[in-house]
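# Geometric and topological summary
If you want the building blocks of each chain, they are given just below.
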Amino acid sequence: MKKLILLFTVIFLLSNCKTATKNKKVTGLIAEKAMVVSARKEASKIGSDILQKGGNAYDAMVATHFALAVVYPVAGNIGGGGFMVYRNNDGTKGSLDFREKAPITAHRDMYLDSLGNVIKNKSTLGAHAVGIPGSVAGAVEVYNKFGSLPFNELVQPSIDLARNGFIVTKKQANSLNNATKRFEKVNNFKTLFQKEWKEGDVLKQEELAQTLERIRDFGKNGFYKGKTADLLVNYVTELGGIISHKDLEKYKAIWRKPITFNYKDYTITSMTLPASGGICLAQILKSVEPFNLSEINHNSTKYIQLLTEAERRSYADRANFLGDIDFVKVPMDSLTNKNYINKRMSSFSWKKATPSSEVSHGKILGYESNETTHYSIVDQFGNAVSVTTTLNTGYGSKVLVKGAGFFLNNEMDDFSSKPGVPNVYGLLGSEANSIAPEKRMLSSMTPTIVEQNGKLKMVVGTPGGSTIITSVLQNILNVTEYNMGMQESVNQPRFHHQWLPDIIRMEPNGFTKETKTNLESLGYKIYEKNSLIIGKVDAILVLPNGQLEGGADPRGDDTAVGF
Ligand code: DON
């Protein structure tokens, strides 16, 4: 009996202790001048060192990008693509699209069998899933426009890191061990990743070091032409894929006008199509804007209800209208028009959930681990960059280019293989996002910059597939409406709704039983299983005194480094 009382006392104390830590205000790294927040300490440090050497945010972007390709192979990449939104210290803003595109010989029905059914795994696993990579073109384009230090100095730290190795973390060892079977299945040789990994192992990647040397010496041509291109094309061809030299030679990163809109007295700048992030974020925030959030508690039933209903309507539009603007006409202005949005929200009722139309249900969670990565940088001159980059799912297609040591993406799955059939994130698409030669697949990536009174306020973004948009949204609201610091905001439990499937995904243990019961009684379905995590947000907040606060997501190994 005594033992039992003791046990209950310990449990009671522990649970109180948990509540106490939950309520304690956490603060992230504070820096005076400059900061890089990324998925790995090594990459943030390489970026920050470049800043300390006198480089600007763009130099740091290049260095951090290549470093993540080495130290975070699950999503950091040279074989993938992404988007960058920037704001210079003079207030000018812009964005770069270095998204992958479909091969020249790709076609609309390339993932369908003779009966018109989607062939399982063809758009996710192996050489057929690969889009033409954009990352190296993107980094070189950023450098050519804005870089200040010699290019080789930006790439060299990553070459050294690849050659000399880095220490594998526990999370990383687990992730690699989970993927080993698929590396084996897809490749026709034994990759260096196929072993039993444990925390503390050193990962050296000599072939990747040599590929990075070619990029260091020849820039874009070090990847899209010459030996790297030969290795890539030959290997993909050997595996039955359709990428050609011409595909690589023709690849170009594109500067685009970002989506900029106001939310109350904030100006928000985010990525435009082919990333859906900017449009959806604008739609959702404008749907929420007329409501008085100061009277609605954070993460309460009402809060979740309001965001869910706004998200539901926006994701339904996403599925219908959005695709690569170089290929399809998208009514961007109408979609983000206030009257249109108010009309969409007019069917919202506090009394019950609006059911999503009854179409086929999407997959909830892929068998894959979902991995993308985001990094945020502010330099000592006041320039800011927000970059989200990905191979799509963890380690992309699992194809590791033989002799070149890098993974290729499986971004082709972000196209709609067939209307009504969901992709790996459960997202549906229409003709607007169907496959066509050289078209870019629709993305959810949402690299974002927030300004207040014309000054930089926040740099934010995250991985998370379809949940990217809603995670960025929640962090913007945490800071602007609920006055949270950056780390405090990043740590908050998150939820997500995407129209279909008609469920609210919630991070486990993040929401009270009462909130969930209330939601259920209003007709919402809640999905809160596994060790579900929603996003890994890496963000920077400019504090009122001008200092920077990092928000590095504890859900991963993410780290802020600055000075
Ligand atoms: O572009 C997209 O929306 C997806 N390929 C992103 C994938 C992703 O975020 C996976 N991560 N967690």
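The structure displayed is predicted, hence computed values, not measured ones.

Criteria and thresholds
- Residues numbered from 1 in each chain as written.
- Predicted model: local features only at pLDDT ≥ 70, side-chain atom pairs only at ≥ 80, totals over all residues.
- Heavy atoms only, no water.
- Helix = DSSP H or I, 4+ residues; strand = E, 2+ residues; numbered from the N terminus.
- Rg over C-alpha atoms; globule rule 2.2 N^0.38 Å.
- Buried < 20%, exposed > 50% of the residue type's maximum accessible area, 1.4 Å probe, protein only.
- Contact = heavy atoms within 4.5 Å.
- Lys, Arg positive; Asp, Glu negative; His and termini not counted.
- Charge placed at Lys NZ, Arg CZ, Asp CG, Glu CD.
- Axes fitted to C-alpha atoms, helices over the stretch in contact; angles between N-to-C directions.
- Left-handed = near helix turned anticlockwise from the far one by under 90°.
- Nonpolar A, V, L, I, M, F, W, Y, C, P; charged D, E, K, R; others polar.
- Pairing = 2+ DSSP bridges.
- Near = heavy atom within 4 Å.
- Polar contact = N/O pair within 3.5 Å; in protein donor to acceptor, adjacent residues only side chain to side chain.
- Areas by Shrake-Rupley, 256 points an atom, 1.4 Å probe, with all protein chains shown as cover.
- Parallel < 35°, antiparallel > 145°, perpendicular 65-115°, else oblique.
- Core = buried A, V, L, I, M, F, W, Y, C linked by side-chain atoms within 4.5 Å.
- Expected span 1.5 Å × (residues − 1).

## Concerning the overall build of the protein chain
Looking only at helices and strands, the protein chain has 17 helices and 19 strands in total. A globule of 563 residues ought to have a C-alpha radius of gyration of about 24 Å, and the protein chain, at 23 Å, matches this closely. With the C-alpha coordinates of the protein chain rotated into their principal frame, the extents come out at 60 × 60 × 55 Å. When each of the 563 residues of the protein chain is scored for burial, the buried share is 63%. In the protein chain, the share of contacts with a sequence separation of at least 24, taken over all contacts with a separation of at least 6, comes to 74%. Within the protein chain, one finds 67 positive and 55 negative side-chain charges whose respective centroids are separated by 4 Å.

## Here we look at the packing of helix α12 (residues 301-321) against helix α14 (residues 338-345)
Packing of α12 against α14 leaves a shortest axis separation of 10 Å and a crossing angle of 115°. In this structure, α12 meets α14 at a crossing whose hand is right-handed. Listed contacts from α14 to L306, E309, A310, R313, A316, D317 and F321 of α12 are Y340, R344 and M345. In the contact of α12 with α14, the residues fall into six nonpolar, no polar and four charged.

## Some details on the sheet that holds strand β1 (residues 30-31)
Strand pairing in a sheet relies on backbone hydrogen bonds. The paired strands run either parallel or antiparallel. Pairing within the open sheet is antiparallel, and its seven strands lie in the order β1-β18-β17-β13-β12-β9-β8. Looking along the sheet, the strands with just one partner apiece sit at the ends: β1 and β8 (259-263). Packed on one face of the sheet, helix α11 (residues 277-288) meets β8, β9 (266-270) and β12 (448-452) and runs near 15° to β8. On top of the sheet, helix α15 (residues 468-480) reaches β8, β9, β12, β13 (455-460) and β17 (538-542); it is set at about 140° to β13, its chief contact.

## Digging into the site of the ligand
In the vicinity of the ligand, 16 residues are found, and the nearest of them are T372, E411, D414, S444 and G465. Here S444 contributes a backbone N or O atom positioned 2.6 Å from an oxygen atom of the ligand. Between the ligand and G464 there is a distance of 2.9 Å, counted from a nitrogen atom to a backbone nitrogen or oxygen. Out of a free accessible area of 340 Å², the ligand has 98% covered by protein chains. Within the residue set of the shell around the ligand, elements represented by two or more residues are β10 (370-378) and β11 (384-393). Considering every element that reaches the shell around the ligand, the biggest residue donor is β10, with three residues. Class assignment of the residues belonging to the shell around the ligand gives a composition of four nonpolar, eight polar and four charged.

## Topic: the packing of helix α3 (residues 57-71) against helix α7 (residues 206-218)
With their axes 11 Å apart at the nearest point, α3 and α7 run at an angle of 165° to one another. Regarding the angle of α3 to α7, the classification is roughly antiparallel. The element α3 and its partner α7 pack so that their crossing is right-handed. Packed against α3, whose contacting residues are F66, A69 and V70, the element α7 presents L208, L212 and I215 at the interface. Taken together, the residues of the contact of α3 with α7 sort by class into six nonpolar, no polar and no charged.

## Re the nonpolar core
Side chains of a nonpolar character, in soluble globular proteins, are inclined to be buried together. Core analysis: the biggest nonpolar cluster contains 83 residues, and M61, F66, I78 and M84 have the highest contact counts within it. Top element by residues in this core is α3. It accounts for 12 residues. What M84 contacts, discounting residues up to four positions off in sequence, is Y58, M61, G94, S95, L96, F98, V142, W255, M271, V385, S386 and V387.

## Description of helix α2 (residues 41-52)
Taking 1.5 Å of rise per residue, 12 residues should cover 16 Å, and α2 covers 16 Å from first to last C-alpha, within 8% of that figure. Taken residue by residue, α2 has E42, A43, S44, I46, G47, S48, I50 and L51 as its buried positions. Positive backbone phi, at 105°, marks G54, one or two positions downstream of α2.

## A short note on the side chain of N299
By secondary structure assignment, the location of N299 is in the loop between α11 and α12. In terms of polar contacts, N299 uses its side chain to reach the backbone carbonyl oxygen of P493, at 3.3 Å. Excluding anything up to four places from it in sequence, N299 contacts I304, P493, F495, F511 and T515.

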